[in-house]
Amino acid sequence: MELSKGTIVISGGKPLYGEISVSGMKNAAVAIVLSTILTEDKCVIENLPDISDVNVSLEILRSIGVKVRRLDKNTVEIDSSVAAPCVAPFELVNKMRASYYLIGAELGRFGRAFVGLPGGCDFGVRPIDQHIKGFEALGAEVKVDGGYIEATCADGTLYGNSVYMDVVTVGGTINVMLAAVKAEGITVIENAAHEPHIVDTANFLNACGAEISGAGTDVIKIRGVKKLHGVTYTIIPDMIEAGTFMILGAATGGSIRVKNLIPKHMDSLTAKLSEMGVGVEEEGDAITITRKNEELQHVNVKTQPYPGFPTDLHPQMGVLLSLAKGTSHLTENIWESRFRYVEELKRMGAQISVTGRTAEFTGVPSLHAASVRAVDLRAGSAMVIAALATPGVTEIEEIHHIFRGYEDLIEKLTAVGADIKVVYPETKYNVF
Ligand code: EPZ
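Analysis parameters
Residues numbered from 1 in each chain as written. Predicted model: local features only at pLDDT ≥ 70, side-chain atom pairs only at ≥ 80, totals over all residues. Heavy atoms only, no water. Helix = DSSP H or I, 4+ residues; strand = E, 2+ residues; numbered from the N terminus. Rg over C-alpha atoms; globule rule 2.2 N^0.38 Å. Buried < 20%, exposed > 50% of the residue type's maximum accessible area, 1.4 Å probe, protein only. Contact = heavy atoms within 4.5 Å. Areas by Shrake-Rupley, 256 points an atom, 1.4 Å probe, with all protein chains shown as cover. Near = heavy atom within 4 Å. Polar contact = N/O pair within 3.5 Å; in protein donor to acceptor, adjacent residues only side chain to side chain. 1 Å grid on protein atoms, 1.4 Å probe; cavity = no way out; pocket = protein on both sides within 12 Å on 5 of 7 lines; lining within 4 Å. Sits in = over half its atoms within 2 Å of the grid points. Nonpolar A, V, L, I, M, F, W, Y, C, P; charged D, E, K, R; others polar. Phe/Tyr/Trp six-rings, centres within 6.5 Å; stacked < 30°, edge-to-face > 60°. Pairing = 2+ DSSP bridges. Axes fitted to C-alpha atoms, helices over the stretch in contact; angles between N-to-C directions. Points joined across faces, edges and corners; volume = space filled by probe spheres on them.

## Side note on the overall build of the protein chain
Within the protein chain, the secondary structure is distributed over 14 helices and 23 strands. Against the globule reference of 22 Å for 432 residues, the protein chain gives a C-alpha radius of gyration of 22 Å, in line with a compact fold. Projected onto the principal axes, the alpha-carbon positions of the protein chain cover approximately 65 × 45 × 45 Å. Per-residue burial over the protein chain gives 56% buried out of 432 residues. Considering only contacts in the protein chain between residues 6 or more positions apart, those separated by 24 or more positions represent 73%. Looking at the protein chain as shown, the accessible area adds up to about 16100 Å², and 52% of this sits on carbon and sulfur atoms.

Take a look at the structure:
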């Protein structure tokens, strides 16, 4: 059944108890899957989340001649030996923002790229000027015309250079890295982003024989190599999925053990939840969130590049602040506008006002059930949290956004006691 026609129906308002295992990181997986074009050998990628953004990435590879073989639900074998520089279908590329990694990967492999402009969540303007600045610094000529980006370089060779990123950009940092790994000479990316998925992508490329140092810091140095070989590589756990479930435990009350995560990646959220009076206990690769019936304390949050509070946990945190005693503020410093979830939360009785980049939350004892929409991926996960924390039956439409980034969401939540299901039009109104 086509998910985009489904509705998530949740009967909420009860504490949840149990354990949730985190899947592989979406934003590392989409980068690493598209990076496999850089080697002509076979790669096996493990702990790959079975979500639509990853499956679109695999389809994009297939569309340019790459052989993709699924070994099991979370493992694929990718053979790029016969990949050809042809144009990936626009309807695939337009489904997600990460398709722009195809430009860096094709430039690195073929010395040229012709890719449709990316799609993805609507946060207002989402430029790629820094990506282009990096490609041009390496000697590529880049044209953006008619919804496509064309990058070419004389004699098919890129040359190492220094690139200062005017903006801390995850995608820009990764894309320049992809173009630079086989360039002639040394590339230095300054003012690089630090996110764990950048480190994971660099680790994958180094495992293939690249020479990248400094990933995770402000300065990444890449010494170009002639060839990359195949590798078997395991994707790191998804810190945003982990944070979503940690916030869920705080919102619904009860006790949820979120396992298969890297506690260090969660530090900014752990600190905020502790400030709010939520019980947070780290042990090995798990964090247990407990909240008895004490009230949530108000806090102020500002999204920042890693290791600051992640913008991708902004909407989920908005649910918690809506339920915290007193007045809280959340300032969005990464995206021009990431407040589309606010209107949906207000339909459930949240008291929120947005001025510029800051939302002010006046806490309420409880939200009330309503029909709402998932306006984008993380806003959709926030609505699931809100519905599970709210007594009554809440319905969430446009749920395909949610399944772009959350593997087995219904199963994972059902396992901790959630009353959640997906219904489809022909059954939804079939009350007899
Ligand atoms: C990645 O997007 C993530 N997506 C986003 O996660 C995440 O919100 C974002 O990083 C920030 O952490 C993937 O990894 C696929 P950016 P990306 O380039 O790379 C500006 C999710 O929910 N900018 O770091 O597109 C830009 O406008 C998604 O999983 C330029 O000005 O984000 C923004 O204000 C949503 N010029 C800021 O930088 C550029 O050339 C950060 O963007 C590039 C970016």
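## Structural notes on the site of the ligand
The immediate surroundings of the ligand are formed by 24 residues, with Arg97, Gln130, Thr169, Asp312 and Ile334 found nearest. Asn27 places a polar side-chain atom, nitrogen or oxygen, 3.0 Å from an oxygen atom of the ligand. A distance of 2.8 Å is found between an oxygen atom of the ligand and a side-chain nitrogen or oxygen belonging to Arg378. Protein chains shield 91% of the accessible area of the ligand, which is 820 Å² for the free molecule. The cavity where the ligand resides is the largest pocket. Ranked by residue count, the leading element in the shell around the ligand is helix H5 (residues 129-137), at three residues. Class assignment of the residues belonging to the shell around the ligand gives a composition of 11 nonpolar, six polar and seven charged.

## Side note on the packing of aromatic side chains
Here a ring pair, both rings aromatic, is described through the centre-centre distance and the interplanar angle of the planes. On inspection of all chains with the given rule, the structure shows three aromatic pairs. Look at Tyr100 and Tyr101: their rings are 4.8 Å apart centre to centre, the planes differ by 75 degrees, and that puts the pair in the edge-to-face class. Residue Tyr100 shares its accessibility class with Tyr101, and that shared class is buried. Plain terms: the ring middles of Phe114 and Tyr148 are 5.0 Å apart, the flat faces sit at 10 degrees to each other, and that makes the pair stacked. Of this pair, Phe114 sits in strand E6 (residues 112-116) while Tyr148 sits in strand E8 (residues 148-152); the two residues are 34 residues apart in sequence, bridging distant segments of the chain. Here Phe114 falls in the partly exposed class, since its relative accessible area comes to 33%. Overall, Tyr148 belongs to the partly exposed group, its relative accessible area being 23%.

## What about unusual backbone geometry?
Residue Tyr306 is joined to Pro307 through a cis peptide bond whose omega torsion reads 10 degrees. Despite not being glycine, Asn47 shows a phi value in the positive range, around 60 degrees. Here Asn47 lies in the loop between strand E3 (42-46) and helix H2 (52-63). For Asn47, a relative accessible area of 23% corresponds to the partly exposed category. One non-glycine residue, Asn191, lies in the positive phi region at around 60 degrees.

## Some words on the sheet that holds strand E21 (residues 371-373)
Judged by pairing direction, the sheet is mixed, and its four strands sit side by side in the order E21-E22-E1-E23 without closing on themselves. Taken across any chain shown, the strands that pair with only one partner, and hence form the sheet edges, are E21 and strand E23 (419-423). Averaged over all neighbouring strand pairs, the angle between strand axes comes to 25 degrees, with direction disregarded. Bridge count between strand E1 (residues 7-12) and E23: five bridges; the pairing is antiparallel. Paired with Ile8 across the strands is Val422, a residue of E23. Sheet strands in contact with helix H12 (residues 377-388) are E1, E21, strand E22 (392-397) and E23, and its direction is about 30 degrees off that of E1.

## Examining the layout of surface pockets
Its boundaries defined by the atoms lining it, the largest pocket holds a volume of some 950 Å³. Lining the largest pocket are 43 residues; nearest its centre among them are Arg126, Val170, Gly171, Ile334 and Trp335. Contributions of two or more residues to the lining of the largest pocket are made by helix H1 (26-35), H5, helix H6 (170-180), helix H8 (239-252) and H12. Tallied by class, the residues present in the lining of the largest pocket amount to 22 nonpolar, 11 polar and 10 charged.

## Looking at the pairing of strand E16 (residues 286-291)
Along E16, five of the six residues are buried, which leaves the element largely enclosed by surrounding structure. Pairing of strand E14 (residues 254-259) with E16 involves six bridges; the strand directions are antiparallel. Looking across to E16, one finds that Lys259 is bridged to Ala286. Pairing between strand E15 (residues 279-283) and E16: five bridges, direction antiparallel.

## Topic: H5
It helps to recall that an α-helix has 3.6 residues per turn; residues three or four apart then point in one direction. All of the buried residues in H5 are Gln130, His131, Ile132, Gly134 and Phe135. Of the residues flanking the end of H5, it is Gly139, one or two places downstream, whose phi is positive at about 105 degrees.

## Observations concerning the side chain of Glu106
By the element assignment, Glu106 lies in helix H4 (residues 101-110). Among all residues touching Glu106, those that are not within four sequence positions of it are Ile37, Ile64, Cys86, Gly111, Arg112, Ala113, Phe114 and Val115.

## Things to note about empty space enclosed by the protein
If you walk through the whole model with that rule in mind, you get one cavity of 30 Å³ or more. As for the largest cavity, its lining consists of Thr244, Phe245, Leu248, Ser381, Val384, Ile385, Tyr406, Leu409 and Leu413. Those elements that place two or more of their residues in the lining of the largest cavity are H8, H12 and helix H13 (409-414). Here the lining of the largest cavity is built from residues that sort into seven nonpolar, two polar and no charged.

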